[in-house]
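Residue strings, one per chain:
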Amino acid sequence: MNTQTKRSGPIYIHYDDGQIFVTPPDYDNFMIAARRAVEVLQSASAAEDWTRRFFDQFVPAVCDWCFERDDRISSCYILFPAGPSLKVYVVSIGDYDTGLGKEISDLELRFAGEGWSCDIVQLPYHEDEEELRTFFDPDNSILVHGQTKTASGKS
Amino acid sequence: MAKPKQHQEKADRNRQFLDSIRKDGQPEWLVIVAFYTDVHLVEKLRAYNNQHSISHEDRNNAVRNNHRKIHTAYHELFNASLVARYATVGKFKMTLEDVNNLFVDGYLTEIEKYVSKVSAKMSK
């Protein structure tokens, strides 16, 4: 019998030289969660194309954007797509950073121009990942920047 | 489905309340009321085309695609009000002065001017 333990916490990726690396089990989890979003694309080839573009274009673009603002961004999560619009949560280093407002808006508009419907939300820094659950479920997300901290202080 | 005029009435009513709490209200509530004033102004624009948002996501998408000039203002009001509504007490650290300057006199006023200008054209 095949048993599977429920994964806790976000999927971690490795980003190196413009390429995203995801472990096979994490990729499977992503595909299961993303099924609803890609189903609207109706055909398997369209879904495959969407997933390829997601990992080849969208995720690296978010990673680069965060990296360029590393001194202002603590972590960044992309939620497993539950619908046609992608959700990104950017956690600032400290308090809500009003200076990031236009930059986030510009990124949304840039993605829209590239065919990605995407809502990006900024959150102030939370010491404990549990507090982020008020806004989204980290278990259904990909951590694309920074590290998580649990209540026990484990990373 | 509400008509443009009805959305403007709701926006005016929200704005009236906003103005009444600007001097001594809680900063969180200023942002929240400013955002819901903004919501009706954007819905007013959509109503000219017989459209109505079914979610914040839907409305943001409409602003992104059709009213890019106010996207930053709309997005910031949405985002700050989300933090004001749901973050634990103490996480929203902007002062009353900051909120008045940036979100009310800044972003909300920018949207009000834009909507007034577009509405004038649409009403012709």
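A.B. asks: Could you give an account of the environment of B:Glu76, with specific residues and numbers?
C.D. replies: Turning to its location among the elements, B:Glu76 is positioned in helix α4 (residues 71-86). The exposure class of B:Glu76 is buried, given its relative accessible area of 0%. Distance in space between the C-alpha atoms of B:Glu76 and B:Leu108 is 9.9 Å, their sequence separation being 32 residues. Apart from residues lying up to four places away in sequence, B:Glu76 is in contact with A:Tyr96, A:Thr98, A:Gly101, B:Phe103 and B:Tyr107.

A.B. asks: Lay out the environment of A:Gly113 with the relevant residues and their values.
C.D. replies: As for its placement among the helices and strands, A:Gly113 is situated in helix α3 (residues 101-113). It is 24 Å that separates the C-alpha atoms of A:Gly113 and A:Leu143, two residues lying 30 residues apart in sequence.

A.B. asks: I'd like to hear about the sheet that holds strand β4 (residues 73-79) of chain A, residue by residue, with values.
C.D. replies: Residue and element names in this part refer to chain A. Spatially, 5 strands are ordered β1-β7-β4-β5-β6 in an open sheet, and the strand pairing comes out mixed. The sheet is open, and its two borders are formed by β1 (11-12) and β6 (118-123), each paired with just one other strand. Here 6 bridges tie strand β5 (residues 86-92) to β6, and the two strands are oriented parallel to one another. Following the sheet pairing, Tyr-89 is matched in β6 by Val-121.

A.B. asks: An account of the pairing of strand β7 (residues 141-145) of chain A is needed here, citing residue identities and associated values.
C.D. replies: Look at any regular strand and the pattern is simple: side chains alternate between the two faces of the sheet. Residue and element names in this part refer to chain A. Most of β7 is tucked away, with 5 of its 5 residues classed as buried. The sheet contact formed by β4 and β7 spans 4 bridges and is antiparallel. Bridged to Ile-78 within β7 is Ile-142.

A.B. asks: Account for the interface of chain B and chain A, with residues named and values stated.
C.D. replies: With 22 residues of chain B at the interface, the matching set in chain A holds 26 residues. Each partner contributes to the roughly 2,000 Å² buried at the junction of chain B and chain A, and carbon and sulfur atoms together form 55% of this total. For the chain B face of the interface with chain A, the top three residues by lost area are B:Glu57, B:Arg64 and B:Lys91, together amounting to 29%. Applying the counting rule to chain B against chain A returns 5 salt bridges. Connecting chain B to chain A are 17 residue pairs in polar contact (both at pLDDT 80 or more). For the side of chain B that touches chain A, the secondary-structure elements that each account for two or more residues are α3 (56-66), α4 and α5 (96-123) of chain B. Here the side of chain B that touches chain A gets 10 residues from one element, more than from any other, and that element is α4(B). Split by residue class, the side of chain B that touches chain A holds 9 nonpolar, 7 polar and 6 charged.

A.B. asks: Before we move on, can you summarise unusual backbone geometry with the specific residues and values?
C.D. replies: Residue and element names in this part refer to chain B. Positive phi, normally seen in glycine, also occurs at Asn-50, with a value near 55 degrees. Here Asn-50 is to be found in the loop between α2 (27-47) and α3. Residue classification places Asn-50 among the exposed residues on the basis of a relative accessible area of 63%.

A.B. asks: Run through the nonpolar core, naming residues and quoting values.
C.D. replies: Note that soluble globular proteins tend to have their nonpolar side chains buried in a common cluster. Grouped together as the largest cluster of nonpolar side chains are 47 residues, with contacts concentrated most on A:Leu123, A:Phe136, B:Leu77, B:Phe103 and B:Ile111. Secondary-structure elements contributing two or more residues to this core are β4, β5 and β6 of chain A together with α1 (4-21), α2, α4 and α5 of chain B. When near neighbours in sequence (up to four residues on either side) are disregarded, B:Phe103 contacts A:Thr98, B:Val31, B:Glu76, B:Leu77, B:Ala80, B:Met94, B:Asp98 and B:Leu108. Residues A:Phe54, A:Leu86, A:Val88 and A:Leu100 belong to the second largest nonpolar core, which totals 31 residues.

A.B. asks: Give a description of the packing of aromatic side chains that names residues and reports values.
C.D. replies: Aromatic ring pairs are described here by two measures, namely the spacing of the ring centres and the angle between the planes. Residue and element names in this part refer to chain A. Under the defined criterion, the tally for this structure stands at 13 aromatic pairs over all chains. Pairing Trp-50 with Phe-54 gives two aromatic rings, centres 5.2 Å apart and planes at 10 degrees, and the pair type is stacked. Separated by 4 residues within a single helix, Trp-50 and Phe-54 lie in helix α2 (residues 44-68), roughly one turn from each other. Here Trp-50 and Phe-54 have matching classes, each one buried. Their ring planes at 20 degrees and their centres at 4.4 Å tell us that Tyr-89 and Phe-136 sit as a pair that is stacked. Pair noted here: Tyr-89 is in strand β5 and Phe-136 is in the loop between α4 (129-132) and β7, with a separation of 47 residues, a long-range link. On the basis of relative accessible area, Tyr-89 is assigned to the buried category, the value being 9%.

A.B. asks: So what's going on with the state of the cysteines? Residues and values would help.
C.D. replies: Residues and elements named next belong to chain A. Tallying each qualifying case throughout the model produces 0 disulfides over all chains. Of all cysteine sulfurs, the one in Cys-66 lies closest to Cys-63, which takes part in no disulfide; the gap is 6.9 Å. For the unlinked cysteine Cys-118, the closest cysteine sulfur is that of Cys-76, found at 9.2 Å.

Thresholds applied
- Residues numbered from 1 in each chain as written.
- Chains lettered and ligands numbered in written order.
- Predicted model: local features only at pLDDT ≥ 70, side-chain atom pairs only at ≥ 80, totals over all residues.
- Heavy atoms only, no water.
- Helix = DSSP H or I, 4+ residues; strand = E, 2+ residues; numbered from the N terminus.
- Buried < 20%, exposed > 50% of the residue type's maximum accessible area, 1.4 Å probe, protein only.
- Contact = heavy atoms within 4.5 Å.
- Pairing = 2+ DSSP bridges.
- Buried area = accessible area lost by both parts, 1.4 Å probe.
- Salt bridge = Lys/Arg side-chain N within 4 Å of Asp/Glu carboxyl O.
- Polar contact = N/O pair within 3.5 Å; in protein donor to acceptor, adjacent residues only side chain to side chain.
- Nonpolar A, V, L, I, M, F, W, Y, C, P; charged D, E, K, R; others polar.
- Core = buried A, V, L, I, M, F, W, Y, C linked by side-chain atoms within 4.5 Å.
- Phe/Tyr/Trp six-rings, centres within 6.5 Å; stacked < 30°, edge-to-face > 60°.
- Disulfide = S-S within 2.5 Å.

Limitation: the analysis is restricted to geometry and does not speak to function.
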